[in-house]
Amino acid sequence: MTNEELIAIAKKAMENSYAPYSNFNVGAAICLSDGSVYTGCNIENSSYPVTICAERTALFKAVSEGRRDFEKIAIVSSSGEATYPCGMCRQALFEFMADKKVVLEDDNGKIFEVDIKDLIPHGFKL
Ligand code: THU
């Protein structure tokens, strides 16, 4: 799976974003070793902290189906700029794919990768 393909799938997943409070739509697509992909979007709630981010939706969908062999995760948003994962999502990604990469797209349409380890140095581990 190319980064371009994964970004395109994340953009499709963003169409299901439910974000009436922030109007900030996010989509994510996580690729596994056999080429399968799980997608996610942000889902907000009138009780704001109930909201879940797109990355954790995708990650938890996959984990809940017994998948852990992650290769990379693409994240896109309606901002038109590269959207880096929030702190909570960085910790969630660190748990399952600390040595893998996040795929992002900048405001010029350039697709690039970031190491999850660089996003959350000294991530928490039990
Ligand atoms: N959001 C994500 O989906 N992922 C992030 O990493 C950053 C924030 C969502 C949560 C909320 O629905 C909206 O963006 C604004 O914070």
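Every chain begins its residue count from 1, and numbering advances along the sequence as written. Whole-chain, interface and lining totals are the exception, using all residues; otherwise, since this is a predicted model, local features are given only for residues with pLDDT of at least 70 and side-chain atom pairs are given and counted only at 80 or more. Hydrogen atoms and water are omitted, and side-chain values are computed over all heavy atoms in the structure.

## Re the side chain of Glu105
- One can find Glu105 in strand 4 (residues 101-105).
- Each polar contact in these results corresponds to two N or O atoms within 3.5 Å; when the atoms are within protein, one needs to be able to donate a hydrogen and the other to accept it, and residues that are neighboring in sequence are counted only if both atoms are side-chain atoms. Within the structure, Glu105 has its side chain in polar contact with the side chain of Lys11 (distance 2.8 Å).
- Ignoring any residue separated from it by four or fewer positions in sequence, one finds Glu105 in contact with Ile7, Lys11, Glu81, Ala82, Lys110, Ile111 and Phe112. Working definition: helices are DSSP H or I runs of at least four residues, strands are E runs of at least two. Numbering for both runs from the N terminus. It only takes one pair of heavy atoms within 4.5 Å for two residues to be counted as in contact.

## Notes on the site of the ligand
- For the ligand, the full set of nearby residues is Ser22, Phe24, Val26, Asn42, Glu44, Thr51, Cys53, Ala54, Glu55, Tyr84, Pro85 and Cys86.
- Measuring from an oxygen atom of the ligand, one finds a side-chain N or O atom of Glu44 at 2.5 Å.
- Relative to its unbound accessible area of 370 Å², the ligand is 78% covered by the protein chains.
- Ten residue types, Ala, Val, Leu, Ile, Met, Phe, Trp, Tyr, Cys and Pro, are classed as nonpolar, four, Asp, Glu, Lys and Arg, as charged, and the remainder, Gly among them, as polar. Of the residues that constitute the shell around the ligand, the class distribution is seven nonpolar, three polar and two charged. Any residue with at least one heavy atom within 4 Å of a molecule or strand is counted as near it. Calculation of accessible area relied on Shrake-Rupley with a 1.4 Å probe; when residues are assessed, cover is drawn exclusively from the protein chains displayed.

## A closer look at the state of the cysteines
- Any pair of cysteine sulfurs within 2.5 Å is marked as a disulfide. Taken as a whole and assessed by the stated rule, the structure comprises zero disulfides.
- Looking at the unpaired Cys31, the closest cysteine sulfur is the one in Cys89, lying at 19 Å.
- Cys31 sits in the buried class, given a relative accessible area of 1%.
- With no disulfide of its own, Cys53 lies 3.8 Å from the sulfur of Cys89, the closest cysteine sulfur.
- The partly exposed category is assigned to Cys53, whose relative accessible area is 22%. Categorising residues by exposure relies on relative accessible area from a 1.4 Å probe, with only protein chains included: less than 20% of the type maximum marks a residue as buried, more than 50% marks it as exposed, and the intermediate range marks it as partly exposed.

## A few points about the packing of helix 2 (residues 54-64) against helix 3 (residues 87-97)
- Here the axes come from fitting lines to C-alpha atoms, over the contacting stretch only for helices, and the angles between their N-to-C directions go from 0 to 180 degrees. Between helix 2 and helix 3, the shortest axis-to-axis distance is 10 Å and the interhelical angle comes to 30°. The pairing of helix 2 with helix 3 is recorded here as roughly parallel in orientation. Between helix 2 and helix 3 lies a crossing of left-handed hand. Judged by residue contacts, Glu55, Arg56, Leu59, Phe60 and Val63 of helix 2 engage Met88, Cys89, Ala92, Leu93 and Phe96 from helix 3.
- Of the residues contributing to the contact of helix 2 with helix 3, the split by class is eight nonpolar, no polar and two charged. Comment on the angle field: the value is read as roughly parallel under 35 degrees, roughly antiparallel over 145, roughly perpendicular from 65 to 115, and oblique elsewhere. Helix crossings are classified by the rotation of the near helix relative to the far one: an anticlockwise turn of less than a right angle makes the crossing left-handed, while a clockwise turn makes it right-handed.

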